[in-house]
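Geometric and topological summary
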Amino acid sequence: MTSRWPGGSGPPGRNSPWRAEPNPRKAAAPRAERAPAAPAPGGEDAPPPEASGELRLYGFNAVQAAFARRPDAIRKVYLAEAMIPRLQPLLKWCAAQRIGYRIVAEDDLRRLAASAHHEGVVADVLRAPPATLAEWLDALPPGPQCALWLDGVGNPHNLGAILRSAAHFGVAGVLLPKTSPLALSGAAARVAEGGAEAVPFVRLGRDENSIAQLRGAGFALAATVVRGGDDVFKATLPQRLVFVIGAEGEGMSPALAAACDQRLSIAGTAAVESLNVSAATAVLLARWWQSR
């Protein structure tokens, strides 16, 4: 669907806001006219509702990753004037595809992102739907694979940090329980620094059915616990492994932990009770990566 701003009239032309004008430094750089202040929430530029199937991304790496992997998902782009040189490929693509982009002021970017950490760019993109477990397993190549089963993790900054580590260590997917409300947010995508586009979400069915499917595909499940598990630095890790990560604070469901093949803990000094869930996940993934 083509996105147009009020007053826009089709493909770039002499009177179009998408017109590419000569630039003394980069003649091909696209230019956009300065837009008026963004409307208050509830207007045209308000954050898209969940029902729209769109996600509002902000942060340079988050937006660039979406452009690199899913350019057709981009619906609108807002940017600070100073970001034009860094975002030239994206803006040229928007102009060619008749996707609206606007140069807006700092206050407007902060309002659009609902955050001061927008890094000069905000984009509305189509939300990538999660795969089913069967679809994900069918597409998975043979050999060593790692996945994360997130049982109750909810903090968007922790989710973003987990996705960043997952992308770094080649995690094949993030598995979401059937009843989990967890979904990618703009805040999580920014913290992930592009990792959210590299790691697919997978929606599970009933726990017992999902565990059976995973085992049928050669995966073992490891419950990660604060204490009482095998030392992850000494344990033998399977080549195809699902780390089951519990919620911040209360941990994972006891029934789910009991159904796992291993229980793993991260040894340390005990000067603090435990690591933050995202820090613990990074340690676990680094250990799996080293043991492949």
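Along each chain, residue indices are assigned from 1 in the same order as the chain's sequence is written. Note on the predicted model: pLDDT of at least 70 is required for a residue's local features to be given, and 80 or more for side-chain atom pairs to be given and counted; whole-chain, interface and lining totals, by contrast, use all residues. The basis for every side-chain value is the complete set of heavy atoms in the structure, and neither hydrogens nor water enter the calculation.

Description of the pairing of strand β6 (residues 145-151)
Each residue's exposure class comes from its accessible area (1.4 Å probe, protein chains only) as a fraction of the maximum for that residue type: buried when under 20%, exposed when over 50%, partly exposed otherwise. Note on conventions: DSSP H or I runs of at least 4 residues are helices, E runs of at least 2 residues are strands, and numbering of each starts at the N terminus. With seven of seven residues buried, β6 lies mostly within the body of the structure. Here β6 shows a buried face lined by Gln145, Ala147, Trp149 and Asp151 and a second buried face lined by Cys146, Leu148 and Leu150. Two strands qualify as a pair provided that DSSP identifies no fewer than 2 bridges between them. Summarising the sheet, β6 and strand β11 (residues 240-246) pair through seven bridges and their orientation is parallel. Directly across from Leu148, in β11, lies its bridge partner Phe243. Read as a crossover between parallel neighbours, the route from β6 over helix α5 (residues 156-168) to strand β7 (residues 173-176) is right-handed. Call a crossover right-handed when, viewed with both strands pointing away from you, the route from the first strand across the helix to the second goes clockwise.

Notes on the side chain of Thr224
Here Thr224 shows up in strand β9 (residues 220-224). Identification of polar contacts relies on pairs of N or O atoms within 3.5 Å, with a donor-acceptor requirement for protein atoms, meaning one able to donate a hydrogen and the other able to accept it, and with residues adjacent in sequence counted only if both atoms are side-chain atoms. Side-chain polar atoms of Thr224 contact the backbone oxygen of Val244, separated by 2.8 Å. Pairs of residues are marked as contacts when any of their non-hydrogen atoms sit within 4.5 Å. The contacts of Thr224, once residues within four sequence positions are left out, are Phe243, Val244, Ile245, Gly246, Met252, Leu264 and Leu284.

Focus: the packing of α5 against helix α9 (residues 277-291)
Only the stretch in contact is used when fitting a helix axis, every axis being a line fitted to C-alpha atoms; angles between N-to-C directions are given from 0 to 180 degrees. Two elements in contact, α5 and α9, have axes separated by 8 Å at closest approach and are oriented at 15 degrees. With respect to their mutual orientation, α5 and α9 come out roughly parallel. Pair α5 / α9 crosses with right-handed handedness. Contact with α5, carried on its side by Asn158, Ala161, Ile162, Ser165 and Ala166, involves Val277, Ser278, Thr281, Ala282 and Leu285 of α9 and no other residues of that element. Between 65 and 115 degrees an angle is taken as roughly perpendicular, under 35 as roughly parallel, over 145 as roughly antiparallel, and anywhere else as oblique. Here a crossing is taken to be left-handed if its near helix is turned anticlockwise relative to the far helix by less than a right angle, and right-handed if that turn runs clockwise.

As for the packing of aromatic side chains
The aromatic pairing rule takes the rings of Phe, Tyr and Trp, using the six-membered ring of Trp, and pairs them if the centres are within 6.5 Å, calling planes under 30 degrees apart stacked, those over 60 edge-to-face and the rest tilted. Summed over all chains, the structure comprises three aromatic pairs. An angle of 65 degrees between the planes, with centres 6.1 Å apart, marks the rings of Phe67 and Trp93 as edge-to-face. Of the two residues, Phe67 is situated in helix α1 (residues 60-69) and Trp93 in helix α2 (residues 88-97); the sequence distance between them amounts to 26 residues. Across this residue pair, the class does not change: Phe67 and Trp93 are buried. Charges are assigned to positions over rings by a cutoff of 6 Å between ring centre and Lys NZ or Arg CZ, combined with an angular limit of 35 degrees from the ring normal. Sitting over the ring of Trp289, Arg292 keeps its end group 3.5 Å from the ring centre.

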